[in-house]
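# Coordinates in review
Chain residues, written in single-letter form:
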Amino acid sequence: MKGKTIACVRRSPMAKAVLASVGFTLALGLTPLAEAQQAQSIDGIAAVVNQDAIMRGELEQRMRQVHDQLAQNGVQPPNEDQLRRQVLERMIVEQIQLQMASRANLSVDDNQLNAALREVAERNQMTLDQFADTVEREGLSFADVREQIRREMLISQVQQGSVGSQVRVTDGEVDQYLENANAAAGVEYHIAHILVPLPENPTDEQVAAARARIDGVRREVHAGQDFATAAAGNSADGQAFEGGDLGWRSQADMPSLFAGVVPNMTVGDVSQPIRSASGFHLIKLLERRGGNQTPQIIEQYQARHILISPNPIRSSEQAHQLALELRDRILNGEDFAALAREYSNDRGTALAGGELGWVSDRDTVPAFDAVLKSAPLGELSQPVQTQYGWHLIEVEDRRQQDVTVQTQREQARRALFQRKAEDQLEGWLQEIRAEAYVDNRLYPNDPGIGALTPTSQGGQP
């Protein structure tokens, strides 16, 4: 059973990415409902994207959200017109991806959405109901929060299907990554980044225009403009509204293009422009830290469970009652494994009699984790509710495990996947933007992401 995917208990890497995106949304500070309604009353179309329109009111609502986000990140906003161009371009690219989701019949059902919301609430030490009440008390519409998170989850599905599914990380690449990381002696770098993009197969004129633009940005930064403000107003990177902050990266954890530059920089330095397939980059080294790898000792649990999930013909209360009945049958001598095979809705473990193998607390959702940590060995729990339904859980054993090597390899594989996905995502976004029909009513001469001279804006709707 070890290494088996446990669909209804473990958090998948994709789920973690979605939740990170959700956290980012909530950090924006969504517009209060009254303001949103007022925004919708503003007449006029900001842009037409294929068959859909982005209204000026929607743009102004998003502008307020971005101003909140910049303030929370301590970033001085750029020129208002410059920021509006950036925000509208982001909305255009988002709309294209949502249209792709619609064409592919992708969806986020209520269970998935509620699971994401419930985990956000749990991270804030609230129940979902308490979280919803808090949102409403702060003057926001919980329905609007749900809808915005749903949109982000759909976009995540599109990107995963179009980009993530194409990314492969080999064991050899993991070995090389770890060799490089060990050579760097645990040094990490806190870096920020500005990207001036280039389209695929750019012309000489587009390359020259991009180089002139990145040189201009660098001159402004050296003349005293805050790097974070410059990123918010100029960068096509996804972290632009966080001031271009890429967080802490080891040398092995950053794009190879950066890895040859950053270790030679002094804290506070801004690099010369760096050319890549996606455009020209500026890097600022914000901080540096070092340290040795310490052993990773974690608590692991050998457990089994039966999951009873609600469905269209079984309510949550009926699922709870069935879980209680199964618990009584097990306590009266019936075989746990046989009942798991017959009744459990976690098909990833049901055929194995509900066996999860060895799991750690970081692998499971909070309510399940609490039982793993506290239940007496060999004792069947009362039904435990999670976003997946009602669980009967039996903890069979506990152990301390040194997972240093395993953790290092998992982290290396995740970092390599992220690096490759980030590189491919930029090009893919430029590609879908170029192929779409876009009528930018506010900035008709703005060519959009990946283009720096006016060009045709895709085909007809």
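Below: a short report on this structure. (Residues numbered from 1 in each chain as written. Predicted model: local features only at pLDDT ≥ 70, side-chain atom pairs only at ≥ 80, totals over all residues. Heavy atoms only, no water.)

For the structure on display, the rule yields 1 aromatic pair. Aromatic pair Phe131 and Phe142: ring centres 6.2 Å apart, planes at 80°, arrangement edge-to-face. Of this pair, Phe131 sits in helix α6 (residues 128-137) while Phe142 sits in helix α7 (residues 142-162), placing them 11 residues apart in sequence. Phe142 carries the same exposure label as Phe131, and that label is buried. Above the face of the Phe241 ring, Arg90 is positioned so that its terminal group lies 4.8 Å from the ring centre. Sitting over the ring of Trp358, Arg399 keeps its end group 4.0 Å from the ring centre. (Phe/Tyr/Trp six-rings, centres within 6.5 Å; stacked < 30°, edge-to-face > 60°. Helix = DSSP H or I, 4+ residues; strand = E, 2+ residues; numbered from the N terminus. Buried < 20%, exposed > 50% of the residue type's maximum accessible area, 1.4 Å probe, protein only. Lys NZ or Arg CZ within 6 Å of the ring centre and 35° of its normal.)

A few words on the pairing of strand β1 (residues 45-49). The buried fraction of β1 amounts to 4 of the 5 residues, a majority that puts the element mostly inside the structure. Across 4 bridges, β1 lies against strand β2 (residues 52-55) in antiparallel orientation. Bridge pairing links Ile45 to Met55 in β2. Connecting β1 to the next strand, β2, in antiparallel fashion are 2 residues, including Asn50 with a positive phi near 50°. Bridge count for β1 against strand β11 (residues 438-440) is 3 bridges, and the pairing is antiparallel. Residue pairing across strands places Ala47 opposite Asn440, the latter belonging to β11. (Pairing = 2+ DSSP bridges.)

Glancing now at the packing of helix α4 (residues 80-103) against helix α10 (residues 227-234). Here α4 crosses α10 at 55°, and the two axes come no closer than 7 Å. When the axis of α4 is compared with that of α10, the two are oblique. The residues of α10 that touch α4, namely those facing Gln82, Leu83 and Gln86, are Ala231, Ala232, Gly233 and Asn234. (Axes fitted to C-alpha atoms, helices over the stretch in contact; angles between N-to-C directions. Parallel < 35°, antiparallel > 145°, perpendicular 65-115°, else oblique. Contact = heavy atoms within 4.5 Å.)

Among the nonpolar cores identified, the biggest contains 48 residues, and Val87, Leu88, Ile92, Leu117, Phe131 and Phe241 are the most heavily contacted of them. Breaking this core down by element, the ones donating at least two residues are β1, α3 (56-72), α4, α5 (110-123), α6, α7, α10 and α16 (404-435). It is α4 that provides the largest number of residues to this core, a total of 10 residues. By size, the runner-up hydrophobic cluster in this structure holds 15 residues, among which are Val196, Val221, Ala231 and Phe280. (Core = buried A, V, L, I, M, F, W, Y, C linked by side-chain atoms within 4.5 Å.)

This part is about the packing of helix α9 (residues 204-222) against α10. Closest axis-to-axis distance for the α9/α10 pair is 9 Å, and the angle between their directions is 150°. It follows that α9 is roughly antiparallel to α10 by the angle criterion. Classified by chirality, the crossing of α10 by α9 is right-handed. Here Arg213, Val217 and Val221 of α9 come into contact with α10, specifically with Phe227, Ala230 and Asn234. (Left-handed = near helix turned anticlockwise from the far one by under 90°.)

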